[in-house]
Amino acid sequence: ADLEAALEAAEKAASMEDWNARAHNAVGAARHAMGDVRRGRKEDPAGDYQAALLAYQAALRWNPKDADTWVAAGIVYHGAAKWIESRGGDPAPSLEKAREALQRALTLRPGDANALESLGEVLRDRAKGEASRGEDSTDAREAAIRALEQAYRANPHLSSSGAQWVSALVEL
């Protein structure tokens, strides 16, 4: 109920002030959260993820240099890839869009720990997919480990970057 109320308020603000990138980001964040809740319940999050991406695209129209919005979009694409994979589909196109968004964030704000951590997770999933198809996953594996290590070094206090790094070293 609180999430729906937040979404309603954000959508109202975005509709009243189309130029307001923050309002569009708020819509994106609420839709992303709703999609994650649905995915956790094994319900289809595609509509919420698509709405989140549209909101982030609207925000980026007004502020294309907002690294945080690029990170958020990358995380949504990654969530979509996980859903697609859980349903037996090919997550590679969504993983590539996630990688592109996160690379864009890192171009705008080099060394950003959140972008690096998210990029490492995307590349780790890409490497796992390549390996499961019998493809050479060396490049993706090494890039994942490198990104997760950089995230940990950039901010050792991130809740999961150290664990993700160690996990990638062991899994990959």
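About the thresholds
Residues numbered from 1 in each chain as written. Predicted model: local features only at pLDDT ≥ 70, side-chain atom pairs only at ≥ 80, totals over all residues. Heavy atoms only, no water. Helix = DSSP H or I, 4+ residues; strand = E, 2+ residues; numbered from the N terminus. Buried < 20%, exposed > 50% of the residue type's maximum accessible area, 1.4 Å probe, protein only. Contact = heavy atoms within 4.5 Å. Core = buried A, V, L, I, M, F, W, Y, C linked by side-chain atoms within 4.5 Å. Axes fitted to C-alpha atoms, helices over the stretch in contact; angles between N-to-C directions. Parallel < 35°, antiparallel > 145°, perpendicular 65-115°, else oblique. Left-handed = near helix turned anticlockwise from the far one by under 90°. Nonpolar A, V, L, I, M, F, W, Y, C, P; charged D, E, K, R; others polar. pLDDT = per-residue confidence, 0-100. Expected span 1.5 Å × (residues − 1). Salt bridge = Lys/Arg side-chain N within 4 Å of Asp/Glu carboxyl O.

A. Examining the side chain of Thr-69 more closely. Following the sequence through the fold, Thr-69 ends up in helix α4 (residues 67-86). A relative accessible area of 3% places Thr-69 in the buried class. Those residues in contact with Thr-69, other than ones at most four positions away along the chain, are Asn-25, Tyr-56, Ala-59 and Leu-60.

B. Representation of the nonpolar core within the structure. Ranked by size, the top nonpolar core spans 29 residues in total, and within it Tyr-56, Val-76, Ala-105 and Leu-119 carry the most contacts. For this core, the elements supplying multiple residues, two or more each, are α3 (46-62), α4, α5 (92-108), α6 (113-132) and α7 (138-154). Sorting elements by how many residues they give to this core places α4 first, with 9 residues. With near-sequence residues (within four places) excluded, Ala-105 lies in contact with Ala-67, Trp-70, Val-71 and Ala-115.

C. Inspection of the packing of helix α2 (residues 21-40) against α3 at higher detail. Contact pair α2 / α3: the axes reach a minimum separation of 8 Å and the direction vectors enclose 160°. As the angle between them shows, α2 and α3 are arranged roughly antiparallel. Read as a crossing pair, α2 and α3 show a hand that is left-handed. In terms of residue class, the contact of α2 with α3 is made up of 12 nonpolar, 5 polar and 5 charged.

D. Spotlight on the confidence of the model for the chain. Mean pLDDT over the chain works out to 87, with 83% of the residues at or above the 70 mark. Between the elements of the chain, mean pLDDT differs from a low of 56, seen in helix α8 (residues 161-171), to a high of 98, seen in α5.

E. Inspection of the environment of Ala-80 at higher detail. Here Ala-80 is to be found in helix α4. Note: C-alpha distance between Ala-80 and Pro-93 (13 residues apart in sequence) is 10.0 Å. Filtering out sequence-adjacent residues up to four positions away, Ala-80 remains in contact with Tyr-49 and Ser-94.

F. Up close: α2. With 20 residues, α2 extends 28 Å between its outermost C-alpha atoms, agreeing within 8% with the 28 Å of an ideal straight helix rising 1.5 Å per residue. Here α2 has its buried residues at Ala-21, Ala-23, His-24, Asn-25, Val-27, Gly-28, Ala-30, His-32, Met-34 and Gly-35. Once α2 finishes, Lys-42 follows within two positions and takes phi at roughly 65°, a positive value.

G. Main features of the pattern of salt bridges. Considering all chains together, one arrives at 12 salt bridges under this definition. Here Arg-109 ties to Asp-68 by a salt bridge, and the two come within 2.5 Å at their closest N and O atoms. Highlighted residues: Arg-109 in the loop between α5 and α6 and Asp-68 in helix α4, separated in sequence by 41 residues. Under the relative-accessibility criterion, Arg-109 is labelled partly exposed at 31%. Classification of Asp-68 as partly exposed rests on a relative accessible area of 46%. One salt bridge connects Glu-96 with Arg-126, and the closest N-O pair in it is separated by 3.8 Å. With Glu-96 in helix α5 and Arg-126 in helix α6, the pair connects residues that are 30 residues apart, well separated along the chain. Because the salt bridges share partners, they merge into one network encompassing Arg-31, Arg-38, Glu-43 and Asp-48.

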